[in-house]
Amino acid sequence: MDRDLLENISSINDLDELASFFDEIMTPGEVADLSLRWKLLIDLQSGMTQRKIAEKYGISLCKITRGSKILKKRDSVVKKILTRKSMDDP
């Protein structure tokens, strides 16, 4: 991953500006794919079955399996973020 890109993304503190940044550098399909991946990771972390997720979003089990593998990794950053998020949500 390009470190300059990561540094610039991490420097954006305004959510509207961050959304505009992604809209400008990514196609609508890429933005939709990224959003979908995040949603299915949230659903997996919350305990929803892969089949339910497939039905909910109309996607194949293959896409969901990738997310499941990410959450099974011991050092997964995504899992750390989602765990923190679930502890912050009331």
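See above for the structure.
First, a word on what this report is: a plain description of the structure on this page. The model shown is predicted, which means the values in this text are computed figures rather than measured ones. (Residues numbered from 1 in each chain as written. Predicted model: local features only at pLDDT ≥ 70, side-chain atom pairs only at ≥ 80, totals over all residues. Heavy atoms only, no water.)

## Examining helix α5 (residues 61–72)
Part 1: For α5, built from twelve residues, the straight-helix expectation of 16 Å at 1.5 Å per residue is met to within 8% by its first-to-last C-alpha distance of 16 Å.
Part 2: Within the sequence span of α5, burial applies to I64, G67, S68, I70 and L71. Considered in projection along α5, the buried side chains sweep an arc of 155° and stay on one side of the axis. The outward face of α5, more than 90 degrees from its buried face, is lined by the exposed residues C62, K69 and K72.
Part 3: Packed against the buried residues of α5 are α3 (28–45), α4 (50–57) and α6 (77–88). (Helix = DSSP H or I, 4+ residues; strand = E, 2+ residues; numbered from the N terminus. Expected span 1.5 Å × (residues − 1). Buried < 20%, exposed > 50% of the residue type's maximum accessible area, 1.4 Å probe, protein only. Arc of directions from axis to C-beta. Contact = heavy atoms within 4.5 Å.)

## Here's the deal with the packing of α4 against α5
Part 1: One can describe the packing of α4 onto α5 by two numbers: an axis separation of 9 Å at closest approach and a directional angle of 125°. Classified by the angle their axes make, α4 and α5 are oblique. Seen along the crossing, α4 lies across α5 with a hand that is right-handed. Two secondary-structure elements touch here, α4 through Q50, R51, I53 and A54 and α5 through L61, I64, T65 and S68.
Part 2: Of the residues assigned to the contact of α4 with α5, the class counts are four nonpolar, three polar and one charged. (Axes fitted to C-alpha atoms, helices over the stretch in contact; angles between N-to-C directions. Parallel < 35°, antiparallel > 145°, perpendicular 65-115°, else oblique. Left-handed = near helix turned anticlockwise from the far one by under 90°. Nonpolar A, V, L, I, M, F, W, Y, C, P; charged D, E, K, R; others polar.)

Functional significance is not addressed by these values, which are geometric in nature.
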